[in-house]
Amino acid sequence: MRKYFVAGALLAVTLTAASAAGDPVATRKAIMQSVAANAGLAGAMMKGDVAYSPAAGKAAIASMNAAANAFGAFYPDGTQNAAGSSASPKIWEDSAGFEAALAKFAAATGAAAQASGKDGPADVEAFKAAMGPVMGSCKACHEAYRVQK
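What comes next concerns the included structure. (Residues numbered from 1 in each chain as written. Predicted model: local features only at pLDDT ≥ 70, side-chain atom pairs only at ≥ 80, totals over all residues. Heavy atoms only, no water.)

### Some details on the layout of surface pockets
Considered as a void within the structure, the largest pocket measures approximately 540 Å³ in volume. For the largest pocket, the lining is made up of 26 residues, of which Met32, Tyr75, Ser86, His142 and Arg146 are closest to its centre. The set of elements that each furnish at least two residues to the lining of the largest pocket consists of helix H2 (24-47), helix H5 (95-116) and helix H6 (124-145). Element by element, the count of residues in the lining of the largest pocket is highest for H2, at 7 residues. (1 Å grid on protein atoms, 1.4 Å probe; cavity = no way out; pocket = protein on both sides within 12 Å on 5 of 7 lines; lining within 4 Å. Points joined across faces, edges and corners; volume = space filled by probe spheres on them. Helix = DSSP H or I, 4+ residues; strand = E, 2+ residues; numbered from the N terminus.)

Take a look at the structure:
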């Protein structure tokens, strides 16, 4: 049952992202919602609040890797002051730093994807080892490039 819930949640986020096409702010928000959902699942599995599943671990890693390699394109000039956005103006003021943070996120998720293999990390300890740097990258980027509300 839980597998179907996770799959349904991921599908809903994907459909939301697809419907946001053409609007870079809506698209980046949808992608970040996907990242948040997968980070929530990952964190719950890492804490033991949700039973670890290699397939769910692999899915969370794969989704975050896809987001890491896509969402940087949705911060064009002119979207700095978009209503409802929590993107910091620092993204545009320090574009080289933001690009470096995106590259770090992509590298961390790429390494996690490599480590997860065909079937996903074998156990929760392997999952923690793969996801630790990913979660750290998320936190660092949010601290530097997100308006705290």
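### Quick word on the packing of aromatic side chains
One pair of aromatic rings is described through two measures. These are the centre distance and the angle between the planes. On inspection of all chains with the given rule, the structure shows 6 aromatic pairs. Taking 5.3 Å as the distance between ring centres and 65° as the angle between the ring planes, the aromatic pair formed by Phe98 and Tyr145 counts as edge-to-face. Here Phe98, found in helix H5, pairs with Tyr145, found in helix H6; they are 47 residues apart in sequence, far enough to count as distant. On the accessibility criterion, Phe98 (4% relative accessible area) is buried. By way of ring pairs, the aromatic residues Phe71, Tyr75, Trp92, Phe98, Phe105 and Tyr145 are connected into one cluster. Its guanidinium or amino end placed over the ring of Tyr145, Lys90 lies 5.3 Å from that ring's centre, counting from NZ or CZ. (Phe/Tyr/Trp six-rings, centres within 6.5 Å; stacked < 30°, edge-to-face > 60°. Buried < 20%, exposed > 50% of the residue type's maximum accessible area, 1.4 Å probe, protein only. Lys NZ or Arg CZ within 6 Å of the ring centre and 35° of its normal.)

Keep in mind that these numbers describe shape and distance, not what the molecule does.
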